[in-house]
Amino acid sequence: MKIASILGAHLDFVQALPISQLLRPHHTETLIYPGRYSDFHAARGYVEHLGIPQPDVHLDIHIGDWDQAFANLLSRLER
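Residues numbered from 1 in each chain as written. Predicted model: local features only at pLDDT ≥ 70, side-chain atom pairs only at ≥ 80, totals over all residues. Heavy atoms only, no water.

Participant: I'm lost on the packing of aromatic side chains in this one. Help?
Facilitator: Given two aromatic rings, their pairing is described by the distance between the two centres and the angle made by the two planes. If you walk through the whole model with that rule in mind, you get one aromatic pair. On the numbers, 5.8 Å between centres and 55 degrees between planes, the contact of Phe-13 with Tyr-33 is tilted. In this pair, Phe-13 sits in helix 1 (residues 10–23) while Tyr-33 sits in strand 2 (residues 28–33), placing the two residues 20 residues apart along the sequence. Of the two residues examined, Phe-13 and Tyr-33, each falls in the buried class. (Phe/Tyr/Trp six-rings, centres within 6.5 Å; stacked < 30°, edge-to-face > 60°. Helix = DSSP H or I, 4+ residues; strand = E, 2+ residues; numbered from the N terminus. Buried < 20%, exposed > 50% of the residue type's maximum accessible area, 1.4 Å probe, protein only.)

Participant: What's the story with the sheet that holds strand 3 (residues 57–58) in this structure? I'm lost.
Facilitator: Strand pairing in a sheet relies on backbone hydrogen bonds. The paired strands run either parallel or antiparallel. An order of 1-2-3 is seen for the three strands of this open sheet, with the pairing classed as parallel. The open sheet terminates on both sides in strands that have one partner only, identified here as strand 1 (2–6) and strand 3. As paired elements, strand 1 and strand 2 share five bridges and run parallel to each other. Each bridged residue has a counterpart across the sheet, and for Ile-6 the counterpart in strand 2 is Ile-32. Sitting on the sheet, helix 1 touches strand 1 and strand 2, and the angle it makes with strand 2 is about 175 degrees. (Pairing = 2+ DSSP bridges. Contact = heavy atoms within 4.5 Å. Axes fitted to C-alpha atoms, helices over the stretch in contact; angles between N-to-C directions.)

Participant: Looking at this structure, how should I read the pattern of salt bridges?
Facilitator: When their charged atoms lie close together, side chains carrying opposite charge are able to pair. Evaluation of the coordinates by the stated rule reveals one salt bridge. Between Glu-29 and Arg-24 there is a salt bridge, and its shortest N-O distance comes to 3.0 Å. We classify Arg-24 as partly exposed; its relative accessible area is 34%. (Salt bridge = Lys/Arg side-chain N within 4 Å of Asp/Glu carboxyl O.)

Participant: Can you help me understand the environment of Leu-31 in this one?
Facilitator: Here Leu-31 lies in strand 2. For the pair Leu-31 and Ser-20, spaced 11 residues apart in sequence, the C-alpha separation works out to 9.2 Å.

Pasting the structure below:
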């Protein structure tokens, strides 16, 4: 089964780690990070230390109005 996990904040990666560890041996999981690429790499230390997988997709959606950010998210996911 193919599963897409959309993780919006750095803490989401920590919380999703146990689930990803259970999914990955049996399914194909794609990690999607909608935030800015530079924001994710600011937290690189704990991501590497905990063995959290790097996101497969960076959408580089900047924070703004919620409705506009959500529309950008849907548009970029569609591509």
